[in-house]
Amino acid sequence: MQQPSTASLIASIPKVELHLHLEGAVGHDVASKMRRRYEPDAVIEPPSAGFKDLETFLAVYDGICRYMRDAADFRDATWHALSRCAASNVRHVEMFFSPDAHKGVAYSEMLDGILDAFDAAKSEYGMSALLIPAHNRELGPEHGMAFLDKVLSDRRERVVGIGLDYAERPNPAPPFARMYERARAEGLRVTAHAGEDGPAEYVRDTVDLLGCRRIDHGYHIVDDPELVARCRDLDVLFTVCPTTTLSTTIWRDLSARDHAIRRMIDAGLRVSIATDDPGLFMTELNREYTLLAENFGLSEAKLREIALNGATHGWLSEEGKKDLLQRCAA
Ligand code: ADE
Ligand code: ZN
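Residues numbered from 1 in each chain as written. Chains lettered and ligands numbered in written order. Predicted model: local features only at pLDDT ≥ 70, side-chain atom pairs only at ≥ 80, totals over all residues. Heavy atoms only, no water.

Undergrad: Break down the packing of aromatic side chains for me, citing the residues and quoting the values.
TA: Each pair of aromatic rings is reported with the distance of its centres and the angle of its planes. Tallied over the entire structure, the rule returns seven aromatic pairs. Consider the rings of Phe57 and Phe281, whose centres lie 5.2 Å apart with planes at 35°: the pair is tilted. Placement of the pair is Phe57 in helix H3 (residues 54-65) and Phe281 in the loop between strand E9 (270-273) and helix H12 (285-296), with a sequence separation of 224 residues. Judged on exposure class, the residue Phe57 and its partner Phe281 are both buried. With 5.8 Å between their ring centres and 85° between their planes, Tyr61 and Tyr166 make a pair best called edge-to-face. With Tyr61 in helix H3 and Tyr166 in the loop between strand E4 (161-165) and helix H7 (177-185), the pair connects residues that are 105 residues apart, well separated along the chain. (Phe/Tyr/Trp six-rings, centres within 6.5 Å; stacked < 30°, edge-to-face > 60°. Helix = DSSP H or I, 4+ residues; strand = E, 2+ residues; numbered from the N terminus. Buried < 20%, exposed > 50% of the residue type's maximum accessible area, 1.4 Å probe, protein only.)

Undergrad: Break down the coordination of the zinc ion (ligand 2) for me, citing the residues and quoting the values.
TA: Here the zinc ion (ligand 2) is held by His19 (NE2), His21 (NE2), His193 (NE2) and Asp276 (OD), and the distances to it run 2.1 to 2.2 Å. Taken together, the four donor atoms coordinating the zinc ion (ligand 2) and their angles of 80 to 170° define a geometry best described as irregular. The sequence motif formed by the donor residues of the zinc ion (ligand 2) is H-x1-H-x171-H-x82-D. With His193 in strand E6 (residues 192-194) and Asp276 in the loop between E9 and H12, this residue pair connects regions lying 83 residues apart in the sequence. Each member of the pair, His193 together with Asp276, is buried. (Donors = N, O, S within 2.8 Å, 3.2 Å for Na, K, Ca; no water. Tetrahedral: all angles 85-135°; square planar, octahedral: opposite > 155°, others 65-115°.)

Undergrad: Let's hear about the packing of helix H6 (residues 140-153) against H7: which residues, and what values?
TA: Two measures define how a pair of helices packs: the angle their axes make with one another and the distance between the axes. In contact at an axis separation of 9 Å, H6 and H7 are set at 15° when each is read in the N-to-C sense. What the angle tells us is that H6 and H7 run roughly parallel. Relative to H7, the crossing made by H6 is right-handed. On H7, the residues touching Gly144, Met145, Phe147, Leu148, Asp149 and Leu152 of H6 are Arg178, Met179, Arg182 and Ala183. Tallied by class, the residues present in the contact of H6 with H7 amount to six nonpolar, one polar and three charged. (Axes fitted to C-alpha atoms, helices over the stretch in contact; angles between N-to-C directions. Parallel < 35°, antiparallel > 145°, perpendicular 65-115°, else oblique. Left-handed = near helix turned anticlockwise from the far one by under 90°. Contact = heavy atoms within 4.5 Å. Nonpolar A, V, L, I, M, F, W, Y, C, P; charged D, E, K, R; others polar.)

Undergrad: Could you give me a rundown of the nonpolar core, with the residues and numbers involved?
TA: Formed by 95 residues in total, the largest nonpolar core has its most connected members in Val93, Met95, Leu131, Ile162, Tyr180, Ile221 and Phe238. Leave out the neighbours within four places in its chain, and Met95 touches Leu20, Leu22, Thr78, Ala81, Leu82, Phe118, Leu130, Leu131 and Ile132. The next biggest cluster of nonpolar side chains, apart from the first, holds 13 residues, and it includes Val16, Ile132, Ala134 and Ala311. (Core = buried A, V, L, I, M, F, W, Y, C linked by side-chain atoms within 4.5 Å.)

Undergrad: Which residues make up the pairing of strand E3 (residues 128-136), and what values go with them?
TA: In regular strands, side chains alternate between the two faces of the sheet. With respect to burial, E3 is a largely interior element, nine of its nine residues being buried. With six bridges joining them, strand E2 (residues 90-97) and E3 adopt parallel strand pairing. Looking across to E3, one finds that Met95 is bridged to Leu131. Pairing analysis gives three bridges linking E3 to E4, with the strands arranged parallel. Paired with Ala134 across the two strands is Gly163, which belongs to E4. Between the parallel pair E3 and E4, the chain is carried across by H6, and the sense of this crossover is right-handed. (Pairing = 2+ DSSP bridges. Right-handed = clockwise from strand over helix to strand, strands pointing away.)

Undergrad: Give a detailed account of the environment of Leu209, specifying residues and quantitative values.
TA: Among the secondary structure elements, Leu209 is positioned in the loop between helix H8 (200-208) and strand E7 (214-217). A relative accessible area of 38% places Leu209 in the partly exposed class. C-alpha separation for the pair Leu209 and Asp100, spaced 109 residues apart in sequence, amounts to 24 Å. In contact with Leu209, not counting residues within four places along its chain, are Pro174, Ala177, Arg184 and Arg204.

Undergrad: Can you break down the packing of H8 against helix H9 (residues 225-234) residue by residue, with the values?
TA: As a packed pair, H8 and H9 sit with axes 11 Å apart at the nearest point and diverge in direction by 30°. Comparing their axes, H9 and H8 come out roughly parallel. The way H8 lies across H9 gives a crossing that is left-handed. On H9, the residues touching Ala200, Val203, Arg204, Val207 and Asp208 of H8 are Leu227, Arg230, Cys231 and Leu234. For the contact of H8 with H9, the residue count by class is six nonpolar, no polar and three charged.

Undergrad: Quick rundown of the sheet that holds strand E8 (residues 237-240)? Include the residues and the values.
TA: Spatial strand order, E6-E7-E8-E9: four strands in an open sheet with parallel pairing. One side of each edge strand has no neighbouring strand; the edge strands of this open sheet are E6 and E9. Strand-to-strand twist in this sheet, taken as the mean axis angle between neighbours without regard to direction, amounts to 35°. Relative to E7, E6 is paired through three bridges, and the arrangement is parallel. Within the sheet, the bridge partner assigned to Ala192 lies in E7 and is Ile215.

All we've got here are geometric facts, nothing functional implied.
The structure is reproduced here in structure tokens:
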């Protein structure tokens, strides 16, 4: 019997997306439409493929945020992002957004728009979704406490945890320990970007001082074998994003034997493949799986195992996970 192509095999696997930034999921067409709403005569540049580094990327990301100003903008952007997920056979999404990047928009208004689109995705695609407000670490730990006040002031069932993102290297984890301790005490789940362009020590501090058992990226862990062993024992989940490594990390060749994601998988760390910012990087989840399958030679069993990690180690309730596993099996 003829084997299915890698792409059709991957398309058939039900998936979970755990590292997706709403604002980074906005594609050029949707971003242009949103901007024209406020600046009808704007001259819009064509999209660029890839970015020089994390800072260059973040400047473009902030540019998109300026044109998300009311609940309808948030609903449209979220709907677009979830529809793209559905096209990659995604059954559950845990989505970051950046409350502080949208000056002058009330937190509750952002939630209203995003959660409306979550409802629509549930009825249209049978897709579940959770929301993760992420603190911009460049704004510092004091602002982090104010961010947390805001999150705690308007709790919704599907807002289950917090994240930490933006420029990592100048803004390591330790100053955020109190904020994270308080978030955990309030029953929020916690994750943080670490080891993307920061060293292994930043990953260790994110595990030990912030109490994270989920790390976004984490690549520089490969420089610290003792930490690799400990994270394996602690069953830490790493959300890894192949395409964005080519712009935001030192690993710019997925075919290289020493690419960090390959070494993480070989070392037996638990990973979930994700897109990070699919609109800005012009990718989608099926493509991210295909890139790893083809470059690393992953077997069908390994691809299915990785896809399942997202379901078993995401932040749904036990009941929600049971339902998700049934939806994935159907
Ligand atoms: N915000 C969106 N994508 C990001 C990334 N890869 N690293 C840090 N902050 C981000
Ligand atoms: Zn990210």
